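The lines below spell out each chain.
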Amino acid sequence: MKAIGIIGVSEGNGHPFSFGSIINGYSAAGLAAAGWPGIFDYVRRRHPSEIGIDGWTITHAWTQEPEVTVRLCTACKIPNAADDYREFLNKVDAVIIARDDFENHFQIAQPFLEAGLPVFVDKPLSLEISQLRFFKQYLEKGQLMSCSGMRYARELDEPRDSLAAYGRIKLIRGTIVLSWEHYGVHMLEAILPLLSSRPISVRMLPAEHSSAAIRLDDGALIQIDALGDSARTFHIDIFGTQRIGTFDIFDNFTMFRRMLWQFTESIRVGLPAIPPNQTLEIMRVLIAGRISRFEEREVFLSELEL
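Below: a short report on this structure. (Residues numbered from 1 in each chain as written. Predicted model: local features only at pLDDT ≥ 70, side-chain atom pairs only at ≥ 80, totals over all residues. Heavy atoms only, no water.)

Description of the sheet that holds strand S12 (residues 244-248)
- Ordered in space as S12-S11-S7-S10-S9-S8-S13, the seven strands form an open sheet in which the pairing is mixed. The outermost strands of the open sheet, each flanked by one partner alone, are S12 and strand S13 (299-300).
- Here two bridges tie strand S8 (residues 199-204) to S13, and the two strands are oriented antiparallel to one another. In the strand pairing of S13, Val202 is matched with Val299.
- Contacts between helix H8 (residues 180-191) and the sheet are confined to strand S7 (169-176), S8, strand S9 (210-216), strand S10 (221-226) and strand S11 (235-240), with S7 contributing the most and set at about 140° to the helix.
- Running at roughly 30° to S8, helix H10 (residues 276-295) makes contact with S8, S9 and S13 of the sheet. (Pairing = 2+ DSSP bridges. Helix = DSSP H or I, 4+ residues; strand = E, 2+ residues; numbered from the N terminus. Contact = heavy atoms within 4.5 Å. Axes fitted to C-alpha atoms, helices over the stretch in contact; angles between N-to-C directions.)

Shown next, in the form of C-alpha cells:
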C-alpha cells in the first residue's frame, strides 16, 4: 500500500474532506461533524464499492489550523496529523495539495517536487508566469498534475465521446459562481479538452460580473461568465451546426474519483495524466483574462509564452 500526504484547506474549499473520503473511506460521525454537510451528503449516498483507490491510502494530513487537521483525520481515517507539511518528506509516496489558494501553491509544492515526489495541485496551478516556468518541467515529466475535477465530469461523457455529431462548433457558453481566477478554471477544464481548436485570445466584457470572450483558432467562441455571489450553477451550452447540447454538472463525487484515479494511474505508468501544454494553456487563458480586465483590451496568448 502506498502512502499519500494531503494538504489543505482554503476558505470555502472542502476538497481535503472530499478527496480523503474517496481514497480512505470515512467515519460517518466524523464527516457529519466536520462542517461540510454537502460533502457528507454526496459521499454517504455512494455504494461502498465506489470508495477507495486501489493500492493507495492517505496516511498524513496537515492544514494550517490544527483543529481542522484533527477533524480531517477523524472524518477520513487518516492516522497522522502533522504539525508541518514538510514532515511528509520521507514518509509518503505522493502528495495532494487540496487547496485552491493558488498564491501559495508554489511555496508548498516546491520542496516535494524537488525531492522527486509526485504531486497533485488543486486548481488553478498558478497565475504567475515565473512559477509556471518552474512547474513546466515537472508537468512534462509526469511528476506534477493539476486540474479541476470538471475535466472528468460524468455529465460531459456524451460530448466528450461524440463531439463530431454536433457539426462545426460555433459557440460554447459556460456559467459558474464566484470569481474568474478561482472558478473560471472549472469551465476551461471542462470545455477545452473537448475541442481540437485552441484559444488564441481573451477579452473581458463589460459586465457587473466577470465575463470572458475567448476566441479560438478556428473562429469559434467560448464565453465564460463567473457570476460572483450567485445561486449554484455549473452550466455548459454547446452550439454546433448539427446539434445543440445543454449540460448541468452536479456529480462532484464521480469527477473527483476519476481525477484521483487518474493521478495514481499517472504515477503507476510514469506518464503525464494530462498533456502538459493543456495545463499551461489553461493557466495562460486565466492570466490573459486577468490582464484584459485591468488593461481593458483583448489579450493574446502569444503575449504569455513560457
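Digging into the sheet that holds strand S1 (residues 2-7)
- What the six strands build is an open sheet, ordered S3-S2-S1-S4-S5-S6; its pairing is parallel. Each edge of the open sheet is held by one strand with a lone partner, namely strand S3 (80-81) and strand S6 (144-147).
- In terms of strand pairing, strand S5 (residues 119-122) meets S6 through four bridges, oriented parallel. Note on S6: the bridge partner recorded for Asp122 is Cys147.

Describing unusual backbone geometry
- Across the junction of Gly8 and Val9, the peptide omega takes the value 5°, indicating a cis bond.
- With respect to the element layout, Val9 can be found in the loop between S1 and helix H1 (15-24).
- At the junction of Lys123 and Pro124, the peptide bond is cis and its omega measures out at -20° in the coordinates.
- Its place among the elements puts Pro124 in the loop between S5 and helix H6 (129-141).
- Its identity is not glycine, yet Lys77 carries a phi of approximately 55°, on the positive side.
- Assignment of secondary structure puts Lys77 in the loop between helix H4 (66-76) and S3.
- In the Ramachandran plot, Glu296 falls in the positive-phi region, its phi being about 55° despite a non-glycine side chain.
- Along the chain, Glu296 turns up in the loop between H10 and S13.
- For Glu296, a relative accessible area of 68% corresponds to the exposed category. (Buried < 20%, exposed > 50% of the residue type's maximum accessible area, 1.4 Å probe, protein only.)

A word on the side chain of Ser21
- Looking at where Ser21 falls in the secondary structure, it is placed in helix H1.
- Under the relative-accessibility criterion, Ser21 is labelled buried at 0%.
- Residue contacts for Ser21: discarding those within four places in its chain leaves Tyr26, Leu31, Val43, Ile51 and Cys76.

Section: the packing of aromatic side chains
- Across all of its chains, the model carries twelve aromatic pairs by this definition.
- Arranged with centres 6.1 Å apart and planes meeting at 70°, the rings of Phe106 and Phe135 form a pair that is edge-to-face. Of this pair, Phe106 sits in helix H5 (residues 105-114) while Phe135 sits in helix H6, placing them 29 residues apart in sequence.
- Using a relative accessible area of 0% as the deciding quantity, one classes Phe135 as buried.
- Site record: aromatic cluster; members linked through ring pairs are Phe19, Phe120, Phe256 and Phe263.
- A cation over a ring is seen here: Arg243 above Tyr166, with NZ or CZ 5.2 Å from the ring centre. (Phe/Tyr/Trp six-rings, centres within 6.5 Å; stacked < 30°, edge-to-face > 60°. Lys NZ or Arg CZ within 6 Å of the ring centre and 35° of its normal.)

So, H5
- Restricting attention to buried positions, one finds in H5 the residues His105, Ile108, Ala109, Phe112 and Leu113. For H5, the buried positions fall inside an angular range of 120° around the axis, keeping them on one side. Turned more than 90 degrees away from the buried face of H5 sit Gln107 and Glu114, all of them exposed.
- Just downstream of H5, Gly116 is the residue with a positive phi angle, here 90°. (Arc of directions from axis to C-beta.)

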